[in-house]
Amino acid sequence: MPESPRWLVSKNRESDAAQVLKMVYPDGYDVNVVVREISQGLEKEAIAEHAVGWDVILFPTPAFKRMLMVGVGTAIAQQAVGIDAIQYFLVYILDESGIKSRNAQMGILVVIGVIKLGVIVLAGYLFDRKGRRPLLFVSLLGCAVALFITSMAFIGGASNEGFAVFGLALYLAFFSLGMGPGCWLIPSEVFSTMIRAKAMSVATFMNRVTATLMASTFLSVVNAISYAGFFIMLSVICIIILVWMYIYLPETKGRALEDMSQYFAEITGDRSMLEAEESLYRSEIPAPQSHAPPQEQPKQEERPIVPQKPAPEDAHVVGTMA
């Protein structure tokens, strides 16, 4: 797997970045143009990181608010479907479903881990070919169905090992197909360079806060509504997130960060973000200096000073006589 062109350009390895881009773009395409665009984008990002404060995050304009809602909301959604809670307490779930043998539990964990690994490799292949939205939708729908199947293992007080193992394996597979890698990919592709660093830190923080809440309340929720109720609740959450993403999540496949800024500005009718970016980057570009020698002002022709003749002494006499 080659390094990303963006990382290579950031390390001043433009030639290596061009070679990677040739693998993506069709033959004959001038990838040096893309390399220059990446370099300019990195410069803009560095400028914005030092020029923009936290006010734009805490008190966002409509365009930034929509952008943050999509990026941070997607990061929260990844943990809201219960992935960390289920993985941390997977042994408890298997034990409650009727699988008491430690060796059997260990074997199931290994098989599920291998399935997750294989599906993640498949997701990496499909994300750039099918797009982000379709894979996330399939992932959420599959997770909802798998969680409902898992709940069937605990309904009626009778444990059913087959439903539990099949449902959990299906859930983790569908999660790895879209919600696992995709919910880290989306925030990095929607945030403008003006807020990219700060917004990503907020998205990561909220992701971990949600994971902590879901995992730390797992046993309490299970005791309150049962295992079956917990999995049905997560299935409903997956459907709600699916509807939310269908409404608000844009397709980011093949779109530059500048295109996403344009998208959020147009969909909210707020062009202040574009104007702020333009004024910020324009103010950082030094005005071109002319190296032409200063032009000499043309010399004015000096006229000789003609001395004035004094008036004759009897001039006043003549005037009086006249």
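See the structure shown above.
Criteria and cut-off values
- Residues numbered from 1 in each chain as written.
- Predicted model: local features only at pLDDT ≥ 70, side-chain atom pairs only at ≥ 80, totals over all residues.
- Heavy atoms only, no water.
- Buried < 20%, exposed > 50% of the residue type's maximum accessible area, 1.4 Å probe, protein only.
- Helix = DSSP H or I, 4+ residues; strand = E, 2+ residues; numbered from the N terminus.
- Arc of directions from axis to C-beta.
- Contact = heavy atoms within 4.5 Å.
- Expected span 1.5 Å × (residues − 1).
- Bend = angle between axes of the 7 residues up to and from the residue.
- Polar contact = N/O pair within 3.5 Å; in protein donor to acceptor, adjacent residues only side chain to side chain.
- 1 Å grid on protein atoms, 1.4 Å probe; cavity = no way out; pocket = protein on both sides within 12 Å on 5 of 7 lines; lining within 4 Å.
- Points joined across faces, edges and corners; volume = space filled by probe spheres on them.
- Nonpolar A, V, L, I, M, F, W, Y, C, P; charged D, E, K, R; others polar.
- Axes fitted to C-alpha atoms, helices over the stretch in contact; angles between N-to-C directions.
- Parallel < 35°, antiparallel > 145°, perpendicular 65-115°, else oblique.
- Left-handed = near helix turned anticlockwise from the far one by under 90°.
- Phe/Tyr/Trp six-rings, centres within 6.5 Å; stacked < 30°, edge-to-face > 60°.

1. A look at helix H7 (residues 90-97)
Think of an α-helix as turning once every 3.6 residues; residues three or four places apart then point the same way.
Move 1: Every buried residue belonging to H7 is among Leu90, Ile93, Leu94 and Ser97, and all of these are buried. Along the long axis of H7, the arc covered by the buried residues comes to 95 degrees, so they all point the same way.
Move 2: Turning to H7, the residues buried within the fold contact helix H6 (83-88), helix H8 (102-130), helix H10 (161-190) and helix H12 (218-248).

2. Here's the deal with H8
Move 1: With 29 residues, H8 extends 40 Å from end C-alpha to end C-alpha; this agrees with the ideal 42 Å at 1.5 Å per step.
Move 2: Residue Gly124 marks the point of greatest curvature in H8, where the axis turns by about 25 degrees.
Move 3: Residues of H8 that are buried in the fold lie against H6, H7, helix H9 (132-151) and H10.
Move 4: A distance of 3.4 Å separates the backbone nitrogen of Asn103 from a side-chain oxygen at the start of H8, and that oxygen is part of Ser101.
Move 5: Residue Gly131 follows H8 closely and has a positive phi angle near 100 degrees.

3. A look at the layout of surface pockets
Move 1: What the largest pocket holds in volume is close to 1,700 Å³.
Move 2: Of all elements in the fold, only helix H1 (5-10), helix H2 (14-24), helix H3 (31-51), H8, H10 and helix H13 (257-268) reach the threshold of two or more residues within the lining of the largest pocket.
Move 3: In terms of residue count, H3 provides more of the lining of the largest pocket than any other element does, 7 residues in total.
Move 4: Partitioning the lining of the largest pocket into residue classes produces 17 nonpolar, 8 polar and 12 charged.

4. Regarding the packing of H7 against H10
Move 1: Close contact between H7 and H10 brings their axes to 8 Å; oriented N to C, the two are set at 155 degrees. Judged by the inter-axis angle, H7 sits roughly antiparallel to H10. For H7 against H10, the interelement crossing comes out right-handed. Of the residues in H10, those in contact with Leu90, Ile93, Leu94 and Ser97 of H7 are Glu161, Ala164, Val165 and Leu168.
Move 2: Of the residues that constitute the contact of H7 with H10, the class distribution is 6 nonpolar, 1 polar and 1 charged.

5. Digging into the packing of aromatic side chains
Move 1: Scanning the entire structure with this criterion turns up 12 aromatic pairs.
Move 2: Where Phe218 meets Phe230, the ring centres are 4.9 Å apart and the plane angle is 90 degrees; that geometry is what we call edge-to-face.
Move 3: Taking the relative accessible area as the measure of exposure, Phe230 reaches 1% and is therefore buried.
Move 4: The interplanar angle of 40 degrees and the centroid separation of 6.0 Å between the aromatic rings of Trp244 and Tyr248 together place this pair among those described as tilted. Linking Trp244 with Tyr248, this pair stays in helix H12, spanning 4 residues, or about one helical turn.
Move 5: The class for Tyr248 is partly exposed, based on a relative accessible area of 28%.
Move 6: Through successive ring pairs, a cluster of aromatic residues spans Phe89, Tyr92, Phe154, Phe218, Tyr227, Phe230 and Phe231.

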